[in-house]
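Close look at the chain arrangement
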Amino acid sequence: MLFFALLLEVTWILAADEGHHWTYEGPHGQDHWPASYPECGSDAQSPIDIQTDSVTFDPELPALQPHGYDQPGTEPLDLHNNGHTVQLSLPPTLYLGGLPRKYVAAQLHLHWGQKGSPGGSEHQINNEATAAELHIVHYDSDSYGSLSEAAQRPQGLAVLGILIEVGDTENPAYEHILSHLHEISHKDQKTSVPPFSVRELLPSELEQFFRYNGSLTTPPCYQSVLWTVFNRRAQISVGQLERLQQTLFSTEEEPSEALVQNYRAPQPLNQRAVFASFIQVGPVYTTGEMLSLAVGIVLGCLCLLVAAYFIAKRIRKKRLGNGKSVVFTSVRATTEA
Ligand SMILES: *[C@@H]1O[C@H](CO)[C@@H](O)[C@H](O)[C@H]1NC(C)=O
């Protein structure tokens, strides 16, 4: 009896430790996550599709200040293929200002698609995904002792989401990560990379962002994340994107399985609000609306011109006319009053 109890305990500990196997597609894919990880089926999940005409402008949102991001220190950083993504450990000397509490950095990782397929980012803006997305994960170090402790508490984590699109030139900052991928092509492989300025991975302008309460985008999907998604994008070259898509495997050995399309589909917003640090984004008007607006403006100007013309004409007539008529007008005005 004791033996069975022990066996049960051991099995339970192993299961709890390793967690259930999960993937993005197939029998353990994202649609099946809630069966093993109930919180994945809850109502404040991430990512989301941000509809810019439904966001709430919040003029009180303080600017987000990354501290220590451009002073990378002297210690090398661990880069790890965990089978789900490529992850870089970050020291707590990197932290965020402009949030309700102090959040220190723990790690960053990427999500991406597959060569020849559109999409790859987790968050979308107005139904539009980009090629990849960078997540920089921080935890509330004032309230919690570690990332894993904070990860299960409301607003225990703060994650920065950076949408990455393809641009014309190679992005040297992303090269600090991408140039090492071949050293960790298989699951559980690790390497260390020289410290670099993490600030350079972010878009150059940080003023425009969206803020909402959400979750981890992978099991166990804890709803503990205060999200900041930047409106501006970072850019990498098509060659860099292809290296991200083609170097890594999600398996330890043969048969190798490519680590691709590791992004979760947008989740229902439900009752949540999305706040924006800025007023307007993207095209506010459709082409039709723009056209009617233009016609309206032209017509309005025409009316003003015509009115001005007639007023000017009247004034001129008055000035040319004799004093008598002016006196007459004013007399009539007084009698009428
Ligand atoms: C997140 O949820 C907390 C607790 O309900 C709330 O106080 C806070 O205003 C929310 N923040 C955002 C950005 O929605």
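Residue indices begin from 1 for each chain and proceed along its sequence in written order. Reporting in this predicted model follows two pLDDT cut-offs: at least 70 for local features of residues, and 80 or more for side-chain atom pairs to be given and counted; totals over whole chains, interfaces and linings ignore these cut-offs and use all residues. By convention in this description, side-chain values take in all heavy atoms of the structure and omit both hydrogens and water.

1. Quick notes on the site of the ligand
Convention followed: Here a residue counts as near a molecule or strand whenever at least one of its heavy atoms sits within 4 Å of it. Nitrogen and oxygen atoms within 3.5 Å of one another constitute a polar contact, given that in protein one can donate a hydrogen and the other can accept it, and given that sequence-neighbouring residues count only through two side-chain atoms. Throughout, the ten residues Ala, Val, Leu, Ile, Met, Phe, Trp, Tyr, Cys and Pro are labelled nonpolar, Asp, Glu, Lys and Arg are labelled charged, and all others, Gly among them, are labelled polar.
In the neighbourhood of the ligand, the contacting residues comprise Gln155, Arg211, Asn213 and Phe275. Residue Asn213 places a side-chain N or O atom 2.3 Å away from an oxygen atom belonging to the ligand. Among the residues making up the shell around the ligand, the classes are represented as one nonpolar, two polar and one charged.

2. As for unusual backbone geometry
Phi is mostly negative for residues that are not glycine, and the peptide bonds are mostly trans. To keep things clear, this is the line we draw: What counts as a helix is a DSSP run of H or I of at least four residues, what counts as a strand is a run of E of at least two, and both are numbered from the N terminus.
Omega for the peptide link from Ser46 to Pro47 comes to 0 degrees, which places this bond in the cis form. For Pro47, the position within the fold is in the loop between α2 (33-36) and β1 (49-50). A cis amide bond links Pro219 with the next residue in sequence, Pro220, at an omega value of 5 degrees. Within the fold, Pro220 resides in the loop between β12 (209-214) and β13 (225-230). Phi at Gln155 takes a positive value of approximately 55 degrees, unusual for a residue other than glycine.

3. Concerning the confidence of the model for the protein chain
Rules: Each residue carries a pLDDT score, the predictor's own confidence in it, on a scale running from 0 to 100. Two residues form a contact once any of their heavy atoms are found within 4.5 Å.
Per-residue pLDDT for the protein chain has a mean of 88; in total, 86% of the residues score no lower than 70. Across residues 1-17 the pLDDT falls below 50, and counting only partners more than four positions away or on other chains, this stretch makes one contact in the model. Here residues 323-337 is a poorly scored stretch, pLDDT under 50, and it has zero contacts once near neighbours within four places are set aside; other chains count.

4. Re the nonpolar core
What counts is decided by this rule: Here, nonpolar core means buried Ala, Val, Leu, Ile, Met, Phe, Trp, Tyr and Cys residues that are tied together by side-chain atoms lying within 4.5 Å of each other. Whether a residue is buried, partly exposed or exposed follows from its accessible area with a 1.4 Å probe, protein chains only, as a fraction of its type maximum: under 20%, in between, or over 50%, in that order.
Ile136 and Tyr174 are the most contacted members of the largest nonpolar core, which has 45 residues in total. Counting residues in hydrophobic clusters, the runner-up holds 23 residues, among them Ile48, Val55, Ala151 and Ala276.

5. Considering the pattern of salt bridges
How we decide: When a carboxyl oxygen of Asp or Glu lies within 4 Å of a side-chain nitrogen of Lys or Arg, that pair is called a salt bridge.
All told, the structure shown has six salt bridges when counted by the stated rule. With its nearest N and O atoms 3.4 Å apart, the salt bridge here joins Glu165 to Arg233. Here Arg233 lies in the loop between β13 and β14 (234-236) and Glu165 lies in strand β10 (residues 157-166), a separation of 68 residues in the sequence. The class of Glu165 is partly exposed, set by a relative accessible area of 24%.

6. What to know about the side chain of Ser224
Tracing the chain through its elements places Ser224 in the loop between β12 and β13. Not counting residues within four places of it along the chain, the set of residues in contact with Ser224 comprises Ala150, Ala151, Gln152, Arg153, Pro154, Gln155, Gly156, Leu157, Gly214 and Ser215.

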